[in-house]
Amino acid sequence: MKCFYDFHIHSCLSPCGDRNMTPHDLVNMAKLLGLDVIALTDHNTCLNCPAAVKVGQSADIAVVPGMELCTCEEVHVICLFPDIAASGAFSEHILSTLPKVVNRPDIFGEQLIMDEQDNVICEHELLLATASTVSVSNVARLVREFGGACFPAHIDRTSYSVISNLGMLTPDMGFTAVELTENADIDEWRQRYPIIKNAGIFIDSDAHYLENMKEAKYTVELRERSAAAVVEYINSLELMK
Amino acid sequence: MDVRQLAEKLNAEVLCEGDMSREVTGCYIGDLLSWVMSRAQEGDAWLTVMGNINSIGVAVLADVACIVLTEGAALDADALNRAVQNGVNILRVEDNSYITAIAVAGSI
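Rules used in this analysis
Each chain carries its own residue numbering, running from 1 in the written order of its sequence. Lettering of chains starts at A and numbering of ligands starts at 1, both following the order in which they are written. Under the rules for a predicted model, residues below a pLDDT of 70 receive no local features and side-chain atom pairs below 80 are neither given nor counted, while totals for whole chains, interfaces and linings still include all residues. Hydrogens and waters are ignored; side-chain quantities use all the structure's heavy atoms. A helix here means a DSSP run of H or I that spans at least four residues, while a strand means a run of E at least two residues long, and both kinds are numbered starting from the N terminus. Our radius of gyration looks at C-alpha atoms and nothing else; its globule reference is 2.2 Å times the residue count to the power 0.38. Burial status follows relative accessibility: with a 1.4 Å probe on protein chains alone, a residue under 20% of its type maximum counts as buried, one over 50% as exposed, and anything between as partly exposed. Contacts are assigned to residue pairs with any non-hydrogen atoms lying within 4.5 Å of each other. In these tables, accessible area is a Shrake-Rupley quantity obtained with a 1.4 Å probe, and a residue counts as shielded only by the protein chains included in the view. When charges are counted, Lys and Arg contribute as positive and Asp and Glu as negative, whereas His and the chain ends are disregarded. One atom stands in for each charge, and that atom is NZ of Lys, CZ of Arg, CG of Asp or CD of Glu. A pair of strands counts as paired when DSSP detects no fewer than two bridges linking them. With a 1 Å grid laid over protein atoms only, a set of points is called a cavity when a 1.4 Å probe fits there but cannot get out and a pocket when it is open yet has protein on both sides within 12 Å along at least five of seven lines; lining residues have an atom within 4 Å of a point. Grid points are joined across faces, edges and corners, and a volume is the space filled by probe spheres set on the points. Three classes are used: nonpolar for Ala, Val, Leu, Ile, Met, Phe, Trp, Tyr, Cys and Pro, charged for Asp, Glu, Lys and Arg, and polar for all others, with Gly counted as polar. As a per-residue measure, pLDDT tells how confident the predictor is, with possible values from 0 to 100. Directions from the helix axis toward the C-beta atoms define the arc. Any pair of nitrogen or oxygen atoms within 3.5 Å is treated as a polar contact; in protein, a donor-acceptor pairing is required on top of that, and neighbouring residues in sequence qualify only through side-chain atoms on both sides. Buried area adds together the accessible area that both of two parts lose upon being put together, with accessible area traced by a 1.4 Å probe. Salt bridge, as used here, is a side-chain nitrogen of Lys or Arg placed within 4 Å of a carboxyl oxygen of Asp or Glu.

A separate point is the overall build of chain B. Regarding its fold elements, chain B presents five helices and five strands. Counting from the amino terminus, chain B carries its helices and strands in the arrangement α-β-β-α-β-α-β-α-β-α. Over its C-alpha atoms chain B spans a radius of gyration of 12 Å, differing by no more than 12% from the 13 Å that the globule rule assigns to 108 residues. In terms of principal-axis extent, the alpha carbons of chain B reach across some 30 × 25 × 25 Å. A total of 108 residues make up chain B; the buried ones form 52% of that total. Of all intrachain contacts in chain B linking residues separated by at least 6 positions in sequence, the fraction that spans at least 24 positions is 45%. As displayed, chain B has an accessible area near 4900 Å², and 46% of this comes from carbon and sulfur atoms. A gap of 3 Å separates the mean positions of the 6 positive and 15 negative side-chain charges of chain B.

Here you go:
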């Protein structure tokens, strides 16, 4: 079935995410925008996913628990999981690899963990806008071990992208798909980087504010409207070569 | 040596002035912000080509004396605004980080 998607959205747990990006409000905004399946992808954590998934269940929209992982090369990678057990385990693992730098909300912004009614459970103490020790060469394998799927984020950006930071995408990284921003010319990118000629391409909003979330526009063909089907789909695509 | 003297010594362009009388006590070179934030020391002159808004946050967090953008690297508008708000000293030079570090080393 064709599903309108947005696989890259931040909540108020990302230091740069707006206070109004609460699990309840962002999921309901996605519903209003006509999306069928969204992923919550905060920086280096999945701790607002349990709330967002619950809201998704009552709002009748599939919420994929996810993370925008920052690799040790400062390359951003969207990691998606079939359920909150898998995302929770991955989140805990990543937390153990982050530098022990305490957040300064006055500089970087608050990092709020919420329940499904938008009550603040607590603030995340460690700064999440840092880099894990996971390498971009190992991330695809690692995410699969945790039952998920991943793809490099906004590869057309000039910062935090695999192309800007490493200059290239290589087959050994083990990706099947990439993310481009809405500004990118897909045909031009496929031509310029033959490695993504046959790869899956996702266009996401990377919204940090409710007003930056996008109307339903891009679709993906899924077995069913669920997180598990998204992960399955990404992992069923051909590996880049 | 303070930041103003360092700017003169490096013949640097001053992009943002905070407390230019701040003493420069060391030097750190790095472009991966996550490394810099956990390794740069208070009072360092931080040599980098990263002139985005996150660099300013890192400079405040690590409490460096100044950012020195090397090789004429760009400072974007958001970063400049944030630097003004936070009083972060930002210098810019055309030399690369190696040449700049040699000049810093001879002065502190």
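Having seen it, we continue.
Residues and elements named next belong to chain B. Residues G26 and Y28 of strand β2 (residues 26-29) are buried on one face, while the alternating residues C27 and I29, pointing to the opposite face, are not. As judged from the four bridges shared by β2 and strand β3 (residues 44-48), these two strands associate in the parallel manner. For Y28, the partnering residue across the bridge sits in β3 and is W46.

Summary: where empty space remains is shown by rolling a probe the size of a single water molecule over the atoms. A volume near 1400 Å³ is recorded for the largest pocket. Residue lining of the largest pocket: 50 residues in total, with C16, Y160 and H208 of chain A together with I53 and N54 of chain B positioned closest to the centre. At the level of secondary structure, the elements contributing two or more residues to the lining of the largest pocket comprise β3 (62-70), α4 (105-108) and α6 (162-166) of chain A together with α2 (33-39), α3 (53-62) and α4 (77-86) of chain B. Tallied by class, the residues present in the lining of the largest pocket amount to 19 nonpolar, 19 polar and 12 charged.

Right, let's talk about the confidence of the model for chain B for a bit. Scored by pLDDT, chain B has a mean of 95; 100% of the residues are at 70 or more. On the interface metric, ipTM, the complex scores 0.72, and its pTM is 0.90.

All names here are of chain B. Those residues of helix α5 (residues 97-105) lying buried are S97, T100, A101 and V104. The buried residues of α5 occupy one face: seen down the axis, they fall within an arc of 100 degrees. Buried residues in α5 make contact with α1 (3-10), β2, β3 and β4 (66-69). Sitting at the amino-terminal end of α5 is N96, which places a side-chain oxygen 3.1 Å from the backbone nitrogen of Y98.

Further remarks concern the interface of chain B and chain A. By a widespread convention, an interface's size corresponds to the accessible area lost as its parts come together. Contacts between chain B and chain A engage 13 residues on the former and 14 residues on the latter. Where chain B abuts chain A, roughly 1000 Å² becomes buried across the two surfaces, and 64% of that area is made up of carbon and sulfur atoms. Considering only the side of chain B, the residues that lose the most area to chain A are S34, M37 and L61 of chain B, jointly responsible for 42% of the buried surface there. Linking chain B with chain A are zero salt bridges. Linking chain B to chain A there are four residue pairs in polar contact (both at pLDDT 80 or more). If you list the elements that add at least two residues to the side of chain B that touches chain A, you get α2 and α3 of chain B. Classifying every residue of the side of chain B that touches chain A gives seven nonpolar, four polar and two charged.

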